[in-house]
Structure formats: structure tokens, C-alpha cells
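# Working through the structure, step by step
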Amino acid sequence: MVDDELLPPVDGHVDPAFEAVRATFHDSFRVHGETGAAVCVLVDGRVVVDLWGGHADPLADVPWTGDTLVNVFSVGKGLVAALTAQLVGAGVLDLDRPVAATWPEFAANGKGDVTLRQLLSHQAGLPAVHHRLPPGAMLDWSAMTAALADDEPWWEPGSAHGYHVNTFGFLVGEVLRRATGHRVGTLLREQIAGPLGADVHLGLPSSEDHRTAEFLWPDPPPPEVTPPGLEGDERMRYLAYFNPSGLSGAGVVNTRAWRAAEIPSTNTHASARGVARVYAALLPATRRGGGPGLVDPGARREATTEHAVGLDRVLDRPSRFGLGFQLTQPERPLGPNPAAFGHFGAGGSLGFCDPDTGVAFGYVMARLGSRWRNERNAALLDAVYASLG
């Protein structure tokens, strides 16, 4: 526990009914070792929490502000899911059309019948590339998508599910690129971030570096070769995170090359306000408080309907997915209500919404924490729901 006199200040505002969230956010620094973070909550389209604190650099020289950006890792999967649902609702994409009809090279090695629905629900059997990729390959869109198109599934598509930790964004993003003629970063900017005024970015320009926090990754970069002796699912799990070695961000997360690349599963940069604003636009019209909608209601319902549940081949624990969105589950709840959906990010970041209460939530931070049940975001969620009354 940190002495209160040594704690960095927390700025921003909360609705009086949500003072418990402010206290909990303070505890993130005092009790849980938070170094820099922000949290934003809307209820029925109204901002009730907008807090930030700490520092955006390891030397504690640069204060975190309400507009600070940071790498939010898999929170970006939820944004890709929203973008895909938008295109499905507009008739641009067909969930049950074979991926190879849009991306012919993808049919190689028995993948000709794999559908977009299976990609989105982590059932395609492609969580990792079998052969070792060269260092830095994750920065090269063509190299990653070509490797995935040529690869064979780790399991029969549709027979099981396993979290496509880092490949999800390349797979779904290439379908979007082939169908629209635009890269996924451009689509995110033009169809979601721009219209909503949401501060979320895939392919961060250097002009935004001055307000981007350094992410504190405590582990050394992984080796550039696969450790010997790994076989079967154990090898698959290792490669899902570390083929190529920097695929998950270790050793490269704060570089200009990483920030500029489009790695939709892993390197979206966002503010808490930006994440919360996207999820507010995903709520039903009756829960948006007059705010803009993002996705056709039917497409949203389909995207947030359970498609995969149970033991996850990659995580080796239960998981639950809609079409790109994580759905609430007892082992990793998004609040107490069954319709909540969103996506966690590595080490603590989170974006989600709850149609039953009108809550839209964004939390971003710079220090890697627990990857499954994170004490910081869990405490903030508890405080939000306790404040609803």
C-alpha cells in the first residue's frame, strides 16, 4: 500500500451518486499499484464518471490527462466486432458466406468452407501460424494475412473454439479489406471514431505520440525461436502469443513502428472516453439518451448472441463469445446482468456496455496487471453497479 502523501492526484469529475467510483479509482493507485489510468462511465448517454490520474511515463514526469491515449490490446477486438456488425447490418458482409468467396487464397489447406461467423466466434481453428515467422512480421499486414491464408487449422473449424488472441484482427480485418477496399484502420476512423467523436485509433500517427502513454511491460521480450519440446495444444498456445516473438507487444509496444502498424487484435490506442463513447453507441436506442447509434439493432442482437461457450482450446479455461464480443460469464463477469457484452484487454483495460442498465464503460491503464480476473477493473465495476442503486 502506498502512503497517501505519495499518491499522484486524481482529476476529473463524477456525478455525486458515483463518488464510490472515485474512491475505488484512488484505491487503484493506493492499494493496487496503478501508475497511470483513466475511467469513463456513461449511463443512458450521460457521463457520470470521467476520471484520470497518475503519469504517462515511467519517470513520472508526464501527467496523465483526460485525453491520454494508451495501447488497449484486446479492447480493440470489440471495436472490430462493432465495425463488422455495422457492415453486416448494412448488407456489405454476409456472416455465413465462405471467407474464401471474398478472399480466395484463404481456401488453402481445407479452409474453403470456413465462414465469417466462425472467424468472429473464434471457431475457425487459426489462433496461431504453424511455421515460425520472422521477427517483426506482425508489423507487415501482407505477411501476416498471407501466412494465415496458407496455414491449416489446428482443429476442424466449427468443432471447437479457442481464443484467436492475435490472429483475430488479421483474419477479420482482411475480410473487411477485401469486401470494402479499405483497411480496417481506415474503416474504424471513418465509420466509428469520426462519426462518434470517439478517441480510438488503429494505426496511430506520429502526431499523437505526445499524448500517448508508455505501456509498462515487466517481462523481457520472448525468444525468436520456439522453445524445444512443445507439442500439440501446448505448442499452439505458445505460438498464439509469440509467433512472431513480438506478436503480443512484448519488447516493441512503445515503439513508433508498433504504434503505426495495424494489428487490430492487439495495438489499438484509445482513451477511456473514446472506448466508453463507442459502447454508448452500441446500446439500444432506449438506453442512449438521444445519442447516436452505431449498428442496426438486428445485427447487434446477432453479434451479442452466444456463439461459443465452454472450454477454450487456447485459454484452457471456460470462455464465452458472441461475434467478436466477449459475453459476460461467471468466471469473468461484466457486471451482474446477463446481456452485457464488450472486451477485456491484456492486463486490465476494458470496454463494455450493459443494455439492462444503460451503462457504457471504458477503462485504460499503463501497467500490466492480472490477465484474467483483474482486481482494478473488477473493483471499478463493483463500484459502478453499487452506485446505480
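As a reminder, the structure under discussion sits directly above these lines.
The paragraphs below set out a description of the structure included in this document.

Calculation criteria
- Residues numbered from 1 in each chain as written.
- Predicted model: local features only at pLDDT ≥ 70, side-chain atom pairs only at ≥ 80, totals over all residues.
- Heavy atoms only, no water.
- Axes fitted to C-alpha atoms, helices over the stretch in contact; angles between N-to-C directions.
- Helix = DSSP H or I, 4+ residues; strand = E, 2+ residues; numbered from the N terminus.
- Parallel < 35°, antiparallel > 145°, perpendicular 65-115°, else oblique.
- Contact = heavy atoms within 4.5 Å.
- Nonpolar A, V, L, I, M, F, W, Y, C, P; charged D, E, K, R; others polar.
- Buried < 20%, exposed > 50% of the residue type's maximum accessible area, 1.4 Å probe, protein only.
- Pairing = 2+ DSSP bridges.
- Phe/Tyr/Trp six-rings, centres within 6.5 Å; stacked < 30°, edge-to-face > 60°.

Orientation of helix H1 (residues 19-30) relative to helix H12 (residues 375-388), taken along the N-to-C sense of each, is 170°, at an axis distance of 8 Å. Taken together, the axis directions place H1 and H12 in an arrangement best described as roughly antiparallel. Seen from H1, the contacting residues are Ala20, Val21, Thr24, Phe25 and Ser28; seen from H12, they are Arg376, Ala379, Leu380, Ala383, Val384 and Ser387. Taken together, the residues that form the contact of H1 with H12 break down as seven nonpolar, three polar and one charged.

With that out of the way, let us pick up the pairing of strand S11 (residues 350-354). Along any regular strand, the residues point their side chains to alternate faces of the sheet. Of all five residues in S11, five are buried, a share of seventy percent or more. Alternating positions in S11 separate into two faces, Leu350, Phe352 and Asp354 on one and Gly351 and Cys353 on the other, with burial throughout. Note that strand S10 (residues 341-344) and S11 share four bridges and pair antiparallel. By the bridge assignment, Phe341 is partnered in S11 with Cys353. Hairpin connection of S10 to S11: five residues between the antiparallel strands, including Gly347 at a positive phi of 80°.

The subject of this paragraph is the sheet that holds strand S5 (residues 200-201). Paired through backbone hydrogen bonds, the strands of a sheet run either parallel or antiparallel to each other. Strand order in the open sheet formed by three strands is S4-S6-S5, and the pairing between neighbours is antiparallel. Here the strands that pair on one side only, and so sit at the sheet edges, are strand S4 (70-71) and S5. Inspection of the sheet shows S4 paired to strand S6 (residues 269-270) by two bridges, in the antiparallel sense. Note on S6: the bridge partner recorded for Val70 is Ala270.

Here a ring pair, both rings aromatic, is described through the centre-centre distance and the interplanar angle of the planes. Following the criterion strictly, the structure yields 13 aromatic pairs and no others. Here the aromatic rings of Tyr163 and Phe321 are separated by 5.8 Å at their centres, their planes lie at 20°, and the arrangement is stacked. Here the residue Tyr163 occupies a position in the loop between helix H5 (141-150) and helix H6 (168-180), and Phe321 occupies one in strand S8 (residues 318-321), the gap between them amounting to 158 residues. Both residues of the pair, Tyr163 and Phe321, count as buried. Judged by centre distance (6.4 Å) and plane angle (55°), the rings of Tyr279 and Phe341 are tilted.

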